[in-house]
Every structure is written in structure tokens, then in C-alpha cells.
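Structure at a glance
Okay, here's what each chain looks like letter by letter:
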Amino acid sequence: MKAKQLSVFLENKSGRLTEVTEALGAAGINLSAMSIADNSDFGILRCIVSDPDKAYQVLKEKHFAVKITDVIGFVCPNISGSLSVVLKHLSDNGVFIEYMYSFANGNVAHVVIRPTDLDLCERMLAEKKVELMAANDLYQL
């Protein structure tokens, strides 16, 4: 099941991440998951939030370069090798993953992926009976 993710482009300078988190916090928006990738000039904050449409508006009003991207969330057991089984099935069926981030909580791991083909990815995960996360469940982690 598809969920909305925010991608926020940030200059590599002190305080920019703080500005984003302050703006979201002041608007009552909770961060469920996040990842930051950077290079020498800028970073990309990718995050799952409690209200992605509202967060988008809040950040746009604060003049951040932000976009909404569809991603897929799923759950797998938090045991050695379980993620590789899922990823192998996807890659064997032509699903290319642009990026991924995950976090474990007890016996399960929550995984967020951005495949190039969202529909094919969903079908392949369903075929293997991988537990897909509904968008609202992902937003409320």
C-alpha cells in the first residue's frame, strides 16, 4: 500500500534540520521515520510524518524545497536474513529499489522503500504474503 513521504532539500549548514523539525513540531506534525542523505552541498531529508499534506504546506510556507513521493512500507521479522529474502524476491522479479530505510522495534522491522515500479512491487510483496503497511499505520508509528 502506498504512503506519502516528504523529501526536503536542505543546504549543508548548521541549523537547517532544526528549522524543519521546529516547523513541523509547531504545526503539531509528528515524525514517524526519517533518513538523511547528503553530499558536500546539500542533504535530502526523507521522512514519514503524521500528516504529509499539512507538512508539505507548512514547509512550503517556510520556503523549503519539498516534494511528496509515494513509497511502500512493509513489516518483516526482526531476525537475521528475513529482509534479504524479501529483497531477493523483489530483485528476481525486476523490482529496482531507489532507496530504503528501516527501523526495528522488538520482534519486527518496519521497512520503507522507494521502488521504481510501485505497482509491481506491491504485487510481488503481496504474492510472497509480506505484510504491507497501510499509509495511516505508517504515519502513526
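Summarised in this report is the structure supplied together with it. (Residues numbered from 1 in each chain as written. Predicted model: local features only at pLDDT ≥ 70, side-chain atom pairs only at ≥ 80, totals over all residues. Heavy atoms only, no water.)

**Focus on the packing of helix α3 (residues 82–92) against helix α4 (residues 118–127)**
Between α3 and α4, whose axes approach to 10 Å, the crossing angle comes to 130°. The angle between α3 and α4 falls in the class oblique. Taken as a pair, α3 and α4 cross one another with a handedness that is right-handed. Along its contact with α3, which presents Val86, His89 and Leu90, the element α4 presents Cys121, Met124, Leu125 and Glu127. Looking at the contact of α3 with α4 residue by residue, the classes come out as 5 nonpolar, 1 polar and 1 charged. (Axes fitted to C-alpha atoms, helices over the stretch in contact; angles between N-to-C directions. Helix = DSSP H or I, 4+ residues; strand = E, 2+ residues; numbered from the N terminus. Parallel < 35°, antiparallel > 145°, perpendicular 65-115°, else oblique. Left-handed = near helix turned anticlockwise from the far one by under 90°. Contact = heavy atoms within 4.5 Å. Nonpolar A, V, L, I, M, F, W, Y, C, P; charged D, E, K, R; others polar.)

**Focus on the packing of helix α1 (residues 16–26) against helix α2 (residues 52–61)**
Running from N to C, α1 and α2 cross one another at 125°; their axes reach a closest spacing of 10 Å. When the axis of α1 is compared with that of α2, the two are oblique. Crossing of α1 over α2 shows right-handed handedness. In this structure, α1 contributes Val20, Ala23 and Leu24 to the contact, and α2 contributes Ala55, Val58 and Leu59. When grouped by side-chain class, the residues that make up the contact of α1 with α2 number 6 nonpolar, no polar and no charged.

**So, the pairing of strand β6 (residues 108–115)**
Counting buried residues in β6 gives 7 out of 8 residues, a clear majority hidden from the surface. Here strand β4 (residues 65–77) pairs with β6 via 6 bridges, running antiparallel. Across the sheet, the residue bridging to Phe74 is Val111, located in β6. For strand β5 (residues 97–105) and β6, the ladder comprises 8 bridges, and the chain directions are antiparallel. Paired with Asn105 across the strands is Val108, a residue of β6. A loop of 2 residues connects β5 with β6, the two strands running antiparallel in sequence, and Gly106 in this loop sits at a positive phi of about 70°. (Buried < 20%, exposed > 50% of the residue type's maximum accessible area, 1.4 Å probe, protein only. Pairing = 2+ DSSP bridges.)

Keep in mind these numbers describe shape, not what the thing actually does.
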